[in-house]
Amino acid sequence: MNYFTIPGLDKPCSQLMMGTDYYKPELLDTVGVLLDEYIVLGGNSLDSAHIYAGGKSEETIGLWMESRGNRSEVIVLTKGAHHNASGPRVNKQAIDEELAISLQRLRTDYVDLYALHRDDPNVPVGPIIEALNEHIEAGRVRAIGVSNWTHQRIQDANDYAEANGLVGFTFSSPNLSLAKANEPFWAGCVSADSADCAWHREKQFPLLSWSSQARGFFTGSFTPEVRDNADLVRVFYSDANWERYRRAEQLGKERGVSTIQIALAYVLNQPFPSCALIGPKNKAELESCHDATRIQLSEEELNWLDLSAELKAI
């Protein structure tokens, strides 16, 4: 397993982070064994959120950590302040209320990583940073970050933090995958484009990618003619992405690995600290992801895979 550093944490974070959005306590016997296997492979970080499975994801993680007695060894990322039917909720009240509930569900008095699940560009960054710093000072949060924020908003927030002697964001979690999104998968979601990646490279700012494998686009289960998954068609079907698929398949054959492992290696070999949130359903899928961490890709191969040269020429 490879690791990277997130400022604010006292331990390195594994480059594969286990996604838990479908976890429920009634699945603990199954997912608990999968988590155990993940730990054996060197993984140490779990991704959850206040809204995942109606809160049951956090509950399951809490039960698993309690039963294994390994809280101090695990990096827990949870997210809050997601919008609801009434609209955006990126404010101090939502942060305070949801973090308290998340800690109770997780059966812990702190989370290692806390991220805002969505942004509300109408809210100034100052009050948000101040609210999150209260939780850092109280010991409830080790490091703060965001999911689905643009790099410009992150920079604005960190400029405010620096000017006011506060702790800024130290990680971001947008979508990043070899297949480029045509449009957001869900409203308010952000996929890292070339400008975002250039900013992450310049700042060496950690990126934790959700849908790092493009929701199965590279599994071989889909073709341009198979269009029964409306969301996948809407978000990832394009001529450019099918060419990226073809190139990943070609490189995979040359390396003796699968197409989806090349796609995962693309995320893990970025020229900035990167992490892939993965959602294996069984040991074989987990081991496939782990094997992908051993694949080294050059910058030339990364650019060839994502059509960088061709797109610049247009």
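Look up: the structure comes first, before these words.
Source: prediction; values computed, not measured.

Draft legend 1. Geometry of the overall build of the protein. Along the protein, the regular secondary structure elements total twelve helices and ten strands. Taken against the 2.2 N^0.38 rule, which gives 20 Å for 314 residues, the C-alpha radius of gyration of the protein at 19 Å falls within 12% of a compact globule. In terms of principal-axis extent, the alpha carbons of the protein reach across some 50 × 45 × 35 Å. Long-range pairs, those at least 24 residues apart, make up 77% of the contacts in the protein between residues at least 6 apart in sequence. Accessible surface, the protein: about 13,500 Å² in total, of which carbon and sulfur atoms supply 50%. The positive charge centre, built from 29 side chains, and the negative charge centre, built from 43, are 2 Å apart in the protein.

Draft legend 2. Structural detail: the pattern of salt bridges. Applying the stated criterion to the full structure yields 19 salt bridges. For R107, the salt bridge goes to E66, with nearest N and O atoms at 2.9 Å. Remark: E66 occurs in helix α2 (residues 56-68) and R107 occurs in the loop between α3 (92-106) and β6 (111-116); sequence separation between them is 41 residues. According to the relative accessible area criterion, R107 is partly exposed, its value standing at 48%. D231 is the salt-bridge partner of R234, the closest N and O atoms lying 3.1 Å from each other. Placement of both R234 and D231 in helix α7 (residues 230-236) is noted, with a separation of three residues, approximately one turn of the helix.

Draft legend 3. Focus on helix α6 (residues 194-203). Listed as buried for α6 are D196, C197, W199 and H200. One side of α6 carries all its buried residues, which in axial view fall inside an arc of 155 degrees. Of the residues in α6, the exposed ones pointing more than 90 degrees away from the buried face are S194 and E202. Tucked into the core, α6 has its buried residues touching α5 (151-163), β8 (172-173) and β9 (207-209). Where α6 begins, the capping side chain belongs to D193, and its oxygen is found 3.1 Å from the backbone nitrogen of A195.

Draft legend 4. Main features of helix α8 (residues 239-255). Over its 17 residues, α8 extends 24 Å from the first C-alpha to the last, a length consistent with the 24 Å expected when each residue adds 1.5 Å. For α8, the full list of buried residues reads N241, W242, R244, Y245, R247, A248, L251 and G252. Backbone geometry just after α8 places G256 at a positive phi near 75 degrees.

Draft legend 5. Here's a closer look at the nonpolar core. Membership of the largest hydrophobic core comes to 72 residues, with the highest contact counts inside it found for L116, F169, F217 and F218. Ranked by residue count, the leading element in this core is helix α9 (residues 259-268), at eight residues. Residues within four places of F169 in sequence aside, it is in contact with L116, I129, L132, I144, G145, V146, W149, I154, A157, N158 and F205. Within the second largest apolar cluster, 16 residues are counted, among which are I6, L9, L77 and F171.

Draft legend 6. Structural context of the packing of aromatic side chains. By the definition in use, this model includes 13 aromatic pairs. Taking 5.1 Å as the distance between ring centres and 80 degrees as the angle between the ring planes, the aromatic pair formed by F217 and F218 counts as edge-to-face. Ring centres of F217 and W242 lie 4.5 Å apart, and the angle between their planes is 40 degrees; this geometry places the pair in the tilted category. Of the two residues, F217 is situated in the loop between β9 and α7 and W242 in helix α8; the sequence distance between them amounts to 25 residues. The two residues F217 and W242 agree in class, both being buried. These aromatic residues form a ring-pair network of at least three members: F217, F218, F236, Y237, W242 and Y245.

Draft legend 7. Examining the side chain of D120 more closely. Within the fold, D120 resides in the loop between β6 and α4 (125-137). Sequence-distant contacts of D120, defined by excluding residues within four places in its chain, comprise P88, V90 and R153.

Draft legend 8. Inspection of unusual backbone geometry at higher detail. The backbone phi angle of A81 is positive, close to 60 degrees, even though this residue is not glycine. Note that A81 resides in the loop between β5 (75-80) and α3. If you check the backbone angles, A214 has positive phi at about 55 degrees while not being a glycine. The topology assignment puts A214 in the loop between β9 and α7.

Basis of the calculations
- Residues numbered from 1 in each chain as written.
- Predicted model: local features only at pLDDT ≥ 70, side-chain atom pairs only at ≥ 80, totals over all residues.
- Heavy atoms only, no water.
- Helix = DSSP H or I, 4+ residues; strand = E, 2+ residues; numbered from the N terminus.
- Rg over C-alpha atoms; globule rule 2.2 N^0.38 Å.
- Contact = heavy atoms within 4.5 Å.
- Areas by Shrake-Rupley, 256 points an atom, 1.4 Å probe, with all protein chains shown as cover.
- Lys, Arg positive; Asp, Glu negative; His and termini not counted.
- Charge placed at Lys NZ, Arg CZ, Asp CG, Glu CD.
- Salt bridge = Lys/Arg side-chain N within 4 Å of Asp/Glu carboxyl O.
- Buried < 20%, exposed > 50% of the residue type's maximum accessible area, 1.4 Å probe, protein only.
- Arc of directions from axis to C-beta.
- Polar contact = N/O pair within 3.5 Å; in protein donor to acceptor, adjacent residues only side chain to side chain.
- Expected span 1.5 Å × (residues − 1).
- Core = buried A, V, L, I, M, F, W, Y, C linked by side-chain atoms within 4.5 Å.
- Phe/Tyr/Trp six-rings, centres within 6.5 Å; stacked < 30°, edge-to-face > 60°.

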